[in-house]
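Chain by chain, the residues:
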Amino acid sequence: MKEIPSISSSIIKQALSVNKKPFPWLKAFSAGVAASLPILIGLLLGNFKYGLIAGMGGFTYLYVFNIPYAQRAKKIFFVLVALSVLTALGTLVAPYPMAIAILMGLIGAAAIFSFGALRITGPSAIFFVLVFSMTTGMPVQPELALVRAGLVFLGGSLSWIIAMLGYFFDPHGPEKGVMKRTLLELATFLDSVGTERFNESRHRVMSILNEAEGTLASGYISWNQTDFFKRLYVLNNSARALFTYILENYSEHPVKLPSELGHSLRKMTLSLDTKRKGHYSEQKILQPDVMDDQIAYLFKLIYDADAIFNEPASKINKEVEFAKSSTKTVLGGAFDKNSIIFISALRFGIVTTIAAIIAFQFGLVRSYWVPLSCVAVMSGFSIVATFHRAIQRGIGTLLGILIASIILSFHPSGYLIAMLVLLLTFITELFIVKNYGLAALFFTPNALLMAESTSLGNFNFTYFASARMMDVLIGSIIGLLGVWLVGRRSASSRIPHLISKTIRSQAQLLIILFSDQGKGLKSRENRGLSKMKTNIYNLKTLYNTALGEVPADRKALDYYWTVVFSIEHLGYLLEDCAKTGTRRPLSDEILAQLLYVCETMAIAADLKRSPTMRRVPEIEPFPGIQNEIVNLQKGLQTSD
């Protein structure tokens, strides 16, 4: 019984903690401008009401993150189109409470599923549900559906323009940033060889290399390949080659490597900002006085990587190729009864619909604030995260309602509202990186100000504050109950099956790569690779969700961490192998033995048993794959 208070106090402490991330000053100011500019334009054109509606399109900017501009342009455009469509839909169904409730659930579920499956960073469902809800709360005028949608589209278009302005100053800023972090992690990895930090550092490098690959793939435009982008692409390939060489030659190395290796990579990183076309700086690579052939080869790899930015364009003019899965393949992989993304989306939709129905049945004024609070609480990716959101949302929103009530009691209008929207949005975006509760403290009065400004009438401070607080309380309780009753053990119970499924997909990829089927096969055409990557992503998501369950089986999760890490590492090596053209087909006997070993592990994982340790044949010239299959067999050994 002592464990429950301990868990509760830990959850509360974590929910109220403030992290040390730097304030995003530029993004916060841009978000404030994006939200308030449509309102100002409406005022200047003599129609404040239309300006407020267009201001809802300013929520589009809240989906802007540090991703390549090619991806950002598409993402923000789809967001503004979605918000516009939802505005029209909300206007049309406003007279029908049951339709509103069902659509709220469908909208939330679709957003949660899409953002999760496509790995899109951002606030996911909340602003889609918010815009739809606010539209249903406007005066019932179905004939204005297209007008309102058009206004939101115009407001969102302003956000799109603001989001894309950075392209003219640093077109490959996000890609360059991820490559700098990659080189820094590689430098730390080199320093970790021969120490206890090796495996931990290995995992971080593998994650950042996968992130870099994804970022560059997102920034790739086939008809506009700039010289600088090609150099970043070649640099990324060099970083992967360096990482693979270290794994194959220094995984069991007992002695630390020369510090000059890591130092040289850090100097490369610091000079990346100065490396523009025609201005590539030359960095002298420091070397120790005495070194063996392997160390000398490591310095050669680093030297070659550094030379990428000093070579003429003709020497780095190689074909850019990425193994990108189609949207259909990714969504299909997540649309599975055992996918935590699909399960979370389904739960999200059902609970949101129930919350909306309850609110309508009780006849609450502005009843959409109940499902909105429910949506905000359920936006956490795990049970613990949901409790965090509930605590943060509760405290932040209740205080925010008091702030909103005080502001609205003065009956603000016109330019004052525009300035308040700018200020509140600016502060919200500043604090969202610190703590969600601090952001809710300012986001709540912002949303209430926009929603209530056109219908203040005889404002009653006490009634308004108590009504909104009751809405938040009811919505938060429904969200917590929904997550607790429906999904508190849904993640951990599915891990064994997904481990088994992922191992089988890796076995299939092995057969494709090292049989006659793999001759001349390009990684971007490899469906087996896409399937494996989708399974690994789903497995990692499932495991991270299981970490937040209450109560969590720490012994089982520690066991699964070793397995998930090994599977992810094997996936990385197989993906790297798929990109090379030096593969030689293996004999049928060797392929049969590899398939047998993998199937033995898959069956054992599904049954939660230890697989029999079997001989893994050599895979030349890819010893890392053989070693990792052996490690996976060891990792699957249970303590029973």
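For the structure, check the block above.
First, a word on what this report is: a plain description of the structure on this page.

Analysis parameters
Residues numbered from 1 in each chain as written. Predicted model: local features only at pLDDT ≥ 70, side-chain atom pairs only at ≥ 80, totals over all residues. Heavy atoms only, no water. Helix = DSSP H or I, 4+ residues; strand = E, 2+ residues; numbered from the N terminus. Buried < 20%, exposed > 50% of the residue type's maximum accessible area, 1.4 Å probe, protein only. Areas by Shrake-Rupley, 256 points an atom, 1.4 Å probe, with all protein chains shown as cover. Expected span 1.5 Å × (residues − 1). Contact = heavy atoms within 4.5 Å. Polar contact = N/O pair within 3.5 Å; in protein donor to acceptor, adjacent residues only side chain to side chain. Lys, Arg positive; Asp, Glu negative; His and termini not counted. Salt bridge = Lys/Arg side-chain N within 4 Å of Asp/Glu carboxyl O. Patch = residues over 30% accessible without salt bridge, like charges linked within 9 Å, V, L, I, M, F, W, Y side chains within 5 Å. Core = buried A, V, L, I, M, F, W, Y, C linked by side-chain atoms within 4.5 Å. Phe/Tyr/Trp six-rings, centres within 6.5 Å; stacked < 30°, edge-to-face > 60°. Lys NZ or Arg CZ within 6 Å of the ring centre and 35° of its normal. Axes fitted to C-alpha atoms, helices over the stretch in contact; angles between N-to-C directions. Parallel < 35°, antiparallel > 145°, perpendicular 65-115°, else oblique. Left-handed = near helix turned anticlockwise from the far one by under 90°. Nonpolar A, V, L, I, M, F, W, Y, C, P; charged D, E, K, R; others polar.

## Points about the overall build of the protein chain
- Summing up its helical and strand segments, the protein chain has 24 helices and zero strands in all.
- In the protein chain, which comprises 640 residues, the proportion classed as buried is 53%.
- Summed over its atoms, the accessible surface of the protein chain is roughly 28700 Å², and 63% of this surface lies on carbon and sulfur atoms.

## Here's the deal with helix H12 (residues 293-307)
- Taking 1.5 Å per residue, 15 residues should reach 21 Å; H12 reaches 21 Å between its end C-alpha atoms and fits that length.
- All of the buried residues in H12 are Ile-295, Leu-298, Phe-299, Leu-301, Ile-302, Ala-305, Asp-306 and Ala-307.
- Residues of H12 that are buried make contact with helix H8 (173-192), helix H10 (227-250) and helix H11 (259-271).
- Sitting at the head of H12, Asp-292 places a side-chain oxygen 3.2 Å from the backbone nitrogen of Gln-294.

## Observations regarding the side chain of Glu-175
- Along the chain, Glu-175 turns up in helix H8.
- Despite its burial, Glu-175 pairs with no opposite charge; the closest candidate is Arg-72, at 8.3 Å N-O.
- At 3.3 Å, the side chain of Glu-175 and the side chain of His-172 are in polar contact.
- Not counting the four nearest positions on each side in its chain, Glu-175 is found in contact with Pro-68, Thr-215, Leu-216, Gly-219, Phe-229 and Leu-232.

## Some details on a nonpolar patch on the surface
- Side chains of Phe-77, Phe-78, Phe-153, Leu-154, Trp-160, Ile-161, Leu-165, Tyr-167, Phe-168 and Phe-169 sit close together on the surface and give an oily, nonpolar patch of about 1100 Å² of accessible area.
- Where the nonpolar patch is concerned, the elements lending two or more residues are helix H4 (69-93) and helix H7 (145-164).
- Element by element, the count of residues in the nonpolar patch is highest for H7, at four residues.
- Mapped onto the secondary structure, Trp-160 falls in helix H7.

## Describing the nonpolar core
- Counting residues in each nonpolar core, the largest one holds 169 residues, and the members touching the most others are Phe-59, Phe-514 and Ile-625.
- Element by element, the count of residues in this core is highest for H10, at 13 residues.
- Setting aside residues no more than four positions away along its own chain, Phe-59 makes contact with Leu-83, Phe-127, Leu-130, Val-131, Met-134, Phe-443 and Met-450.

## Overview of the packing of aromatic side chains
- Evaluated as defined, the whole model comprises 25 aromatic pairs.
- Between Tyr-63 and Phe-128 the ring centres are 5.3 Å apart and the planes differ by 45°, which places this aromatic pair in the tilted class. Placement of Tyr-63 in the loop between helix H3 (48-56) and H4 and of Phe-128 in helix H6 (residues 126-136) is noted, with a sequence separation of 65 residues between them. The two residues Tyr-63 and Phe-128 agree in class, both being buried.
- An angle of 35° between the planes, with centres 5.1 Å apart, marks the rings of Phe-189 and Phe-198 as tilted.
- In this structure Phe-198 comes out as buried when scored by relative accessible area, which is 6%.
- Among the aromatic residues, ring-to-ring pairing joins Phe-59, Tyr-63, Phe-115, Phe-127, Phe-128 and Phe-443 into one connected group.
- Directly above the ring of Phe-65 sits Lys-27, whose terminal nitrogen or CZ lies 3.8 Å from the centroid.

## What to know about the packing of helix H5 (residues 97-117) against H6
- For the pair H5 and H6, the least separation of the axes is 9 Å and the interaxial angle reads 160°. Considered as vectors, H5 and H6 are oriented roughly antiparallel to each other. For the pair H5 and H6, the crossing hand works out as right-handed. Contacts between H5 and H6 involve Ile-100, Leu-103, Met-104, Ile-107, Gly-108, Ala-111 and Phe-115 from the first element and Phe-128, Val-129, Phe-132, Ser-133 and Thr-136 from the second.
- Its residues assigned to classes, the contact of H5 with H6 comprises nine nonpolar, three polar and no charged.

## A word on the environment of Tyr-233
- Looking at the element boundaries, Tyr-233 is found in helix H10.
- The spacing of Tyr-233 and Glu-213 is 20 residues in sequence and 8.6 Å in space, taken between C-alpha atoms.

## Things to note about the packing of H5 against helix H14 (residues 340-361)
- The N-to-C vectors of H5 and H14 enclose an angle of 155°; their axes lie 8 Å apart at closest approach. In terms of their interaxial angle, H5 and H14 are classed as roughly antiparallel. The crossing of H5 and H14 is right-handed.
- Considered class by class, the residues forming the contact of H5 with H14 number 17 nonpolar, seven polar and no charged.

## Here we look at unusual backbone geometry
- Cis peptide bonds are those with omega within 30 degrees of zero, and the linkage from Glu-620 to Pro-621 qualifies with 0°.
- By the secondary structure assignment, Pro-621 is in the loop between helix H23 (588-607) and helix H24 (623-635).
- Of note in the backbone geometry, Arg-119 takes a positive phi value of approximately 60° without being a glycine.
- Mapped onto the secondary structure, Arg-119 falls in the loop between H5 and H6.
- Under the relative-accessibility criterion, Arg-119 is labelled partly exposed at 41%.
- Positive phi values are uncommon outside glycine, yet Lys-608 reaches one of about 60°.
- With respect to the secondary-structure elements, Lys-608 resides in the loop between H23 and H24.

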